[in-house]
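# Secondary and tertiary structure notes
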Amino acid sequence: MLVAFSVSPSGGSDATGSVHDAVAAAVRVVRDSGLPHETDAMFTTIEGEWDEVMDVVKRATEAVGAYGPRVSLVLKADIRPGRTGELTGKVDRLEAAIRRQAIES
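The present account deals with the structure reproduced in this document. (Residues numbered from 1 in each chain as written. Predicted model: local features only at pLDDT ≥ 70, side-chain atom pairs only at ≥ 80, totals over all residues. Heavy atoms only, no water.)

As a further point, take the pattern of salt bridges. Applying the stated criterion across every chain yields a total of six salt bridges. Lys-90 is the partner of Asp-78 in a salt bridge, and the nearest nitrogen-oxygen pair spans 2.7 Å. Of this pair, Asp-78 sits in strand S4 (residues 70–78) while Lys-90 sits in helix H3 (residues 86–104), and the two are twelve residues apart along the sequence. The partner of Glu-86 in a salt bridge is Arg-93, with the nearest N and O atoms 2.5 Å apart. One network of salt bridges, with partners in common, ties together Arg-80, Arg-83, Glu-86 and Arg-93. (Salt bridge = Lys/Arg side-chain N within 4 Å of Asp/Glu carboxyl O. Helix = DSSP H or I, 4+ residues; strand = E, 2+ residues; numbered from the N terminus.)

This is the structure we're talking about:
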């Protein structure tokens, strides 16, 4: 299973509106989990079994909770039992399709 999620505090005390310290706390939880993961400007995607992935999301959300009285969590999951390596596999298949279409056109 792949889970892409974004978690951030709301109602915190940072006058600039920046949430990078809170997000860093969440990403540290993900990295410490040992699960395959990628972080970009908007989401962190992790790969693993249902219970282990959801445990990491929960702990990351709790870490962000220390930075404000409210937490916003956005989550998207791709659930394909029996599949592994999809964190890179999906992108590899997409790139192959783009190359194939370029050749065909």
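Here the narrative resumes.
As a further point, take helix H2 (residues 50–65). End to end, H2 covers 22 Å across 16 residues, agreeing with the expected 22 Å (1.5 Å per residue, within 8%). Among the residues of H2, Val-53, Val-56, Val-57, Ala-60, Thr-61, Ala-63 and Val-64 are the ones counted as buried. Taken end-on, H2 shows its buried residues confined to a sector of 155°, consistent with a single buried face. Relative to its buried face, H2 has exposed residues pointing more than 90 degrees away, namely Asp-51 and Lys-58. Turning to H2, the residues buried within the fold contact strand S1 (2–10), helix H1 (20–33), strand S3 (44–47) and S4. (Expected span 1.5 Å × (residues − 1). Buried < 20%, exposed > 50% of the residue type's maximum accessible area, 1.4 Å probe, protein only. Arc of directions from axis to C-beta. Contact = heavy atoms within 4.5 Å.)

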